[in-house]
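# Remarks on the overall topology
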Amino acid sequence: MLSTYVFDAYGTLFDVHAAIGRHRGAAGADADNLSQLWRTKQLEYTWTLTLAGHYFDFWTLTERALDYALERFPSVDRSLRATLLDAYRKLDAYSDARETLAGLKARGARLAILSNGSPGMLASAIAAAGLETLFDAVLSVDAVQVYKPRSEVYALVTNNFGVKPREVGFVSSNRWDIMGATNFGFRTFWINRSELPEEYESFPPEQRLAGLADLLTQN
């Protein structure tokens, strides 16, 4: 068994669409469309700004992405903005997150989060989900001020724990994140809940899993 497991946060441990899910009735018919665009733009801004050599923290990009989505879908009441942002700070954890983390911890593994999220965002989400006692480290790109999939981000893990990349199991639902982690040298586990098609074939995950709980049976 690996000694260290590192988890992406948003989309892997925490459901990024839970904010809209709590307020779907108020958001109306375009609720799901708004949520998808909000997430798409949030990630797009991390990539484009990093390529251009600029950095704004993830909370700022989350706000800007929501503003864009609200402009694109004017049927959604703009007065929901503050409510949706507050909900994003307290996203629901996936149903198998706690059991999986606790199971790995019971086996003696060290656990960490490595996320694009800013420290305040991550602290709020972890506390809301009641997962505070399960992590040995919560690592944010804020420390290096570039976003995934840059190698400097993944190096936060090896520097923090004093381990080699192949000693780390990296878990993410984002295939592009798995690509970056594989390129860095981590042993990678792609959580493919939606059965998405394969991509980045030159950087394959070590295992493809349907959910987080599969980590307990595969390792």
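Everything below is about the structure printed above this text.
Notes on the structure follow. (Residues numbered from 1 in each chain as written. Predicted model: local features only at pLDDT ≥ 70, side-chain atom pairs only at ≥ 80, totals over all residues. Heavy atoms only, no water.)

## A word on the sheet that holds strand β1 (residues 4-7)
Within a sheet, each strand pairs with its neighbour through backbone hydrogen bonds, oriented either parallel or antiparallel. Defined as follows: Being paired, for any two strands, means DSSP has found at least two bridges between them. A run of H or I in DSSP counts as a helix once it spans at least four residues, and a run of E counts as a strand once it spans at least two, with each numbered from the N terminus. Fitted lines through C-alpha atoms give the axes, limited to the stretch in contact for helices. The angle between two N-to-C directions lies from 0 to 180 degrees. Note on contacts: a residue pair qualifies if any of its non-hydrogen atoms lie within 4.5 Å across the two residues.
Strand order in this open sheet of six strands is β3-β2-β1-β4-β5-β6, and the pairing throughout is parallel. Sheet topology places β3 (137-140) and β6 (207-209) at the edges, where each strand pairs with a single neighbour. Looking at each pair of strands side by side, their axes are set apart by 25° on average, direction ignored. Pairing between strand β2 (residues 110-115) and β3: four bridges, direction parallel. Residue pairing in the sheet places Ile113 in a bridge with Val138 of β3. Each of β2 and β3 is contacted by helix α7 (residues 119-129), which is oriented at about 140° to β3, the strand it contacts most.

## Focus: the packing of helix α4 (residues 58-72) against helix α5 (residues 81-89)
Between two packed helices, the angle of one axis relative to the other and the distance separating the axes together describe the packing. Going by this rule: For classification purposes, an angle smaller than 35 degrees is called roughly parallel, one larger than 145 roughly antiparallel, one from 65 to 115 roughly perpendicular, and anything else oblique. For any helix crossing, the convention is left-handed if the near helix is rotated counterclockwise from the far helix by under a right angle, and right-handed if that rotation is clockwise. Residues are sorted three ways: Asp, Glu, Lys and Arg are charged, Ala, Val, Leu, Ile, Met, Phe, Trp, Tyr, Cys and Pro are nonpolar, and all the rest, Gly among them, are polar.
Between α4 and α5, the least distance of the axes is 11 Å, while the angle of their chain directions is 140°. In this view, α4 runs oblique relative to α5, as classed from their interaxial angle. Here α4 runs over α5; the crossing is right-handed. Residues Trp59, Thr62, Glu63, Leu66, Asp67 and Leu70 of α4 lie in contact with α5, whose contacting residues are Arg81, Leu84, Leu85, Tyr88 and Arg89. Its residues placed into classes, the contact of α4 with α5 shows six nonpolar, one polar and four charged.

## Focus: the environment of Glu132
Here Glu132 lies in the loop between α7 and β3. Residues Glu132 and Ala26, 106 residues apart in the sequence, show an inter-C-alpha distance of 31 Å. Apart from the residues lying within four places of it in its own chain, the contact partners of Glu132 are Ile126 and Ala127.

Don't take any of this as a statement about function, it's just geometry.
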